[in-house]
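Structural characterization, general
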Amino acid sequence: MNSPFRLPEASTHAVTVDHIFYLLLLLSGATVVLVFGLILLFAVRYRRGSSAKRGPMPEILSREFEIGWTVATLLTFAFLFWWASSADLGSLAAPPSALEIHVVAKQWMWKTQHPSGAREINALHVPLDQPVHLLMSSQDVIHSFFVPAFRIKKDVVPGRDTDIWFQATKSGTFPLLCAEYCGTNHSMMRGKIVVMRQDDYAGWLVQQPEGDDLAHEGAKLFVSQGCSGCHAASSNVHAPRLAGLYGRAVQLADGRTVSADDAYIRDSILQPKRDVVAGYEPVMPSFKGLLDDGEIQSLTAYIRSLSKEQPDD
Ligand code: HEC
Ligand SMILES: [Cu+2]
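Residues numbered from 1 in each chain as written. Chains lettered and ligands numbered in written order. Predicted model: local features only at pLDDT ≥ 70, side-chain atom pairs only at ≥ 80, totals over all residues. Heavy atoms only, no water.

**Let's talk about the overall build of the protein**
Counting its secondary structure elements, the protein contains seven helices and twelve strands. Taking 2.2 N^0.38 as the reference for a compact globule, 313 residues should give roughly 20 Å; the C-alpha atoms of the protein span a radius of gyration of 28 Å, well beyond that estimate. Reported as C-alpha extents along the three principal axes, the dimensions of the protein are approximately 100 × 50 × 40 Å. Here the protein holds 313 residues, and 35% of them are scored as buried. Taking the intrachain contacts of the protein between residues at least 6 apart in sequence as the baseline, contacts between residues at least 24 apart amount to 63%. Accessible surface, the protein: about 18500 Å² in total, of which carbon and sulfur atoms supply 62%. (Helix = DSSP H or I, 4+ residues; strand = E, 2+ residues; numbered from the N terminus. Rg over C-alpha atoms; globule rule 2.2 N^0.38 Å. Buried < 20%, exposed > 50% of the residue type's maximum accessible area, 1.4 Å probe, protein only. Contact = heavy atoms within 4.5 Å. Areas by Shrake-Rupley, 256 points an atom, 1.4 Å probe, with all protein chains shown as cover.)

**Section: the pairing of strand 9 (residues 172-178)**
Every regular strand shows the same layout, with side chains that alternate between the two sheet faces. Strand direction decides the pairing type here: strand 6 (residues 143-147) and strand 9, joined by two bridges, are antiparallel. Within strand 9, the position partnered with Phe-145 by the bridge is Cys-178. In this sheet, strand 10 (residues 191-196) lies alongside strand 9 in antiparallel orientation, the contact comprising five bridges. Bridge pairing in strand 10 places Phe-174 opposite Ile-193. (Pairing = 2+ DSSP bridges.)

**What about the environment of Phe-21?**
Along the chain, the position of Phe-21 falls in helix 1 (residues 12-45). Phe-21 sits in the partly exposed class, given a relative accessible area of 44%. Sequence separation between Phe-21 and Ala-94 is 73 residues; the distance between their C-alpha atoms is 23 Å.

**Observations concerning the site of ligand 1**
Lining the immediate environment of ligand 1, one finds 23 residues, of which Cys-227, Cys-230, His-231, Tyr-264 and Met-284 sit closest. In the model, a nitrogen atom of ligand 1 is placed 2.8 Å from a nitrogen or oxygen of the His-231 side chain. Elements represented by at least two residues in the shell around ligand 1 include exactly helix 5 (227-231) and helix 6 (262-270). Of the residues that constitute the shell around ligand 1, the class distribution is 17 nonpolar, four polar and two charged. (Near = heavy atom within 4 Å. Polar contact = N/O pair within 3.5 Å; in protein donor to acceptor, adjacent residues only side chain to side chain. Nonpolar A, V, L, I, M, F, W, Y, C, P; charged D, E, K, R; others polar.)

**Topic: the coordination of the iron atom of ligand 1**
With distances of 2.0 to 2.1 Å, the protein atoms coordinating the iron atom of ligand 1 are His-231 (NE2) and Met-284 (SD). For the iron atom of ligand 1, the six donor atoms are set out with angles of 87 to 179° between them, so the coordination reads as octahedral. Placement of the pair is His-231 in helix 5 and Met-284 in the loop between helix 6 and helix 7 (293-307), with a sequence separation of 53 residues. (Donors = N, O, S within 2.8 Å, 3.2 Å for Na, K, Ca; no water. Tetrahedral: all angles 85-135°; square planar, octahedral: opposite > 155°, others 65-115°.)

**Re helix 6**
By the criterion of burial, helix 6 is predominantly enclosed, with eight of the nine residues buried. Among all positions of helix 6, only Asp-262, Tyr-264, Ile-265, Arg-266, Asp-267, Ser-268, Ile-269 and Leu-270 are buried.

**Side note on the side chain of Asp-275**
Structurally, the position occupied by Asp-275 is in the loop between helix 6 and helix 7. Exposure remark for Asp-275: the relative accessible area of 10% places this residue in the buried category. At a separation of 3.0 Å, a polar atom in the side chain of Asp-275 contacts the side chain of Arg-256. Every residue in contact with Asp-275, bar those within four places of it in the chain, is listed here: Leu-252, Arg-256, Tyr-264 and Asp-267.

**Comments concerning the nonpolar core**
Formed by 32 residues in total, the largest nonpolar core has its most connected members in Trp-110, Val-126, Leu-134, Phe-145, Phe-150, Ile-193 and Val-195. Not counting chain neighbours up to four residues away, the residues in contact with Val-195 comprise Val-126, Pro-127, Leu-128, Phe-150, Ala-168, Lys-170, Ser-171, Gly-172 and Phe-174. Core analysis: the second largest hydrophobic core is formed by 22 residues, Leu-221, Ala-243, Val-250 and Ile-269 among them. (Core = buried A, V, L, I, M, F, W, Y, C linked by side-chain atoms within 4.5 Å.)

**So, a nonpolar patch on the surface**
A grouping of Val-32, Leu-34, Val-35, Phe-36, Leu-38, Ile-39, Leu-41, Phe-42 and Tyr-46 is seen on the molecular surface, where their side chains present a nonpolar patch of about 830 Å² in accessible area. Along the polypeptide, Val-35 turns up in helix 1. (Patch = residues over 30% accessible without salt bridge, like charges linked within 9 Å, V, L, I, M, F, W, Y side chains within 5 Å. Salt bridge = Lys/Arg side-chain N within 4 Å of Asp/Glu carboxyl O.)

Next comes the structure, spelled out in structure tokens:
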């Protein structure tokens, strides 16, 4: 249904958010009607000179009434809190089967890259009825990825990976906006999300110019940036093998144990002195300023692809 007052509901999440919104609207509306209705009623009933009975209510009636409405309000809001928070928490973790798409935000554009390597600028083509997981980073300032038709919004923060997922339920083209003021052309930082039937999406992907997929690009960088000089099995430097690293728990020299996720790998590359792996010397140089966000995403994708193979130690 398209009306100027209703945004399209184009994702699974949108339906839940709207249900919560409509219930809140209904409750607020009912409160407004009740309060203004009583004001009017009392104004007429107890107007000067009317013969209505005045004075306090019988005590027993008023106590039960007080307890009754207090408990009812409490339960209503406890229910709302439970419903809204469980909907929000449930939308945090992407299903493992989700299609992973990388998003890099910069002043003032959105760059996206599909698992096949296909790249887009200010546009994102996605398949219908399939979960899509966006792994996002920013090259400069804070941006925010906002698709009103999907009811999703997430900040994209420099120096940090954020993610969000959705499952589109309507095909069509929907606006993508930046929802965090990010400088002069913030208002122009727009794009479009194109939701296509799954076979159309597959057809579209095939037509895209051949791009290397992320993991392949990462493999090339791994050699050209000198990572393999230390990390390859043949190297003389005592450095950890990276196969099987992704998703595993890592014991650090200072006794902490951390999980090797995207953020850990990014930190290992940019600030290697911060999380030194137990049993190794802190000899890895920082690559801060040498690699941009896209390159770090590629290296991370390469390291992730290594964990699907057998560790080669
Ligand atoms: C001079 C040798 C050297 C180079 C070059 C080097 N590293 Fe390292 N790297 C190490 C050593 C030694 C460690 C373990 C100590 C530490 O955590 O700092 C390490 C740790 C890591 C870790 C954490 C490993 C774990 O088991 O938790 C990652 C990820 C990593 N390096 C990625 C890279 C990438 C990507 C590059 C290239 C951009 C690179 N390294 C370049 C020596 C090197
Ligand atoms: Cu922006």
